[in-house]
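Given next are the chains, with one letter for each unit.
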Amino acid sequence: MKTLYDVQQLLKKFGIYVYVGKRIWDIEVMALELDHLHEARVITDQDFMQAKLVLNHEHRIEVQKN
């Protein structure tokens, strides 16, 4: 898992589609949904950590843009 698209595809496997309107908000909601999937133990720890790294990286990029 290397891109935001990969994280979106992971969430999509569980019927989770995120579109809030602003990219930074989408990233934040995806992080929350990812936390819920991890708490429910339906994704592996490795998938969770990789996805969180991607989301944190993308979030930092968006913050720097603004």
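This report concerns the structure included in the present document. (Residues numbered from 1 in each chain as written. Predicted model: local features only at pLDDT ≥ 70, side-chain atom pairs only at ≥ 80, totals over all residues. Heavy atoms only, no water.)

## Overview of helix α3 (residues 45-65)
Now for step 1: Between the first and last C-alpha of α3 there are 30 Å, a value that for 21 residues agrees with the 30 Å anticipated at 1.5 Å per step.
Now for step 2: Residues of α3 that are buried include every one of F48, A51, V54, L55, E58 and E62, and no others. Viewed along the axis of α3, the buried residues span an arc of 135 degrees, placing them on a single side of the element. Residues Q46, M49, L53 and Q64 are exposed on α3 and point more than 90 degrees away from its buried face. (Helix = DSSP H or I, 4+ residues; strand = E, 2+ residues; numbered from the N terminus. Expected span 1.5 Å × (residues − 1). Buried < 20%, exposed > 50% of the residue type's maximum accessible area, 1.4 Å probe, protein only. Arc of directions from axis to C-beta.)

## Side note on the nonpolar core
Now for step 1: Residues V7, L11, M30, L34, I43 and L55 are the most contacted members of the largest nonpolar core, which totals 16 residues.
Now for step 2: Listed by contribution, the elements that provide at least two residues to this core are α1 (4-12), α2 (23-39) and α3.
Now for step 3: Broken down by element, the residue count for this core peaks at five residues, all from α2. (Core = buried A, V, L, I, M, F, W, Y, C linked by side-chain atoms within 4.5 Å.)

## Focus: the packing of aromatic side chains
Now for step 1: Inspection of every chain in the model, using the stated rule, returns zero aromatic pairs.
Now for step 2: It is K22 that lies over the ring of W25; its NZ or CZ is 5.0 Å from the centre. (Phe/Tyr/Trp six-rings, centres within 6.5 Å; stacked < 30°, edge-to-face > 60°. Lys NZ or Arg CZ within 6 Å of the ring centre and 35° of its normal.)

## Considering the packing of α1 against α3
Now for step 1: For the pair α1 and α3, the least separation of the axes is 9 Å and the interaxial angle reads 130 degrees. Taken as axis vectors, α1 and α3 run oblique relative to one another. Crossing geometry of α1 relative to α3 is assigned as left-handed. Taking contact as the criterion, the partners of L4, V7 and L10 in α1 are, on α3, A51, V54, L55 and E58. (Axes fitted to C-alpha atoms, helices over the stretch in contact; angles between N-to-C directions. Parallel < 35°, antiparallel > 145°, perpendicular 65-115°, else oblique. Left-handed = near helix turned anticlockwise from the far one by under 90°. Contact = heavy atoms within 4.5 Å.)

## Quick look at α2
Now for step 1: For α2, with 17 residues, the first-to-last C-alpha span of 24 Å sits near the 24 Å given by 1.5 Å per residue.
Now for step 2: Along α2, the residues that are buried comprise I24, D26, I27, M30, A31, L34, L37 and H38. Within α2, the buried residues cover an arc of 150 degrees as seen down the axis, which keeps them to one side. Set apart from the buried face of α2 by more than 90 degrees, the exposed residues are L32 and E39.
Now for step 3: At the exit of α2 stands R41, carrying a positive phi of roughly 60 degrees.

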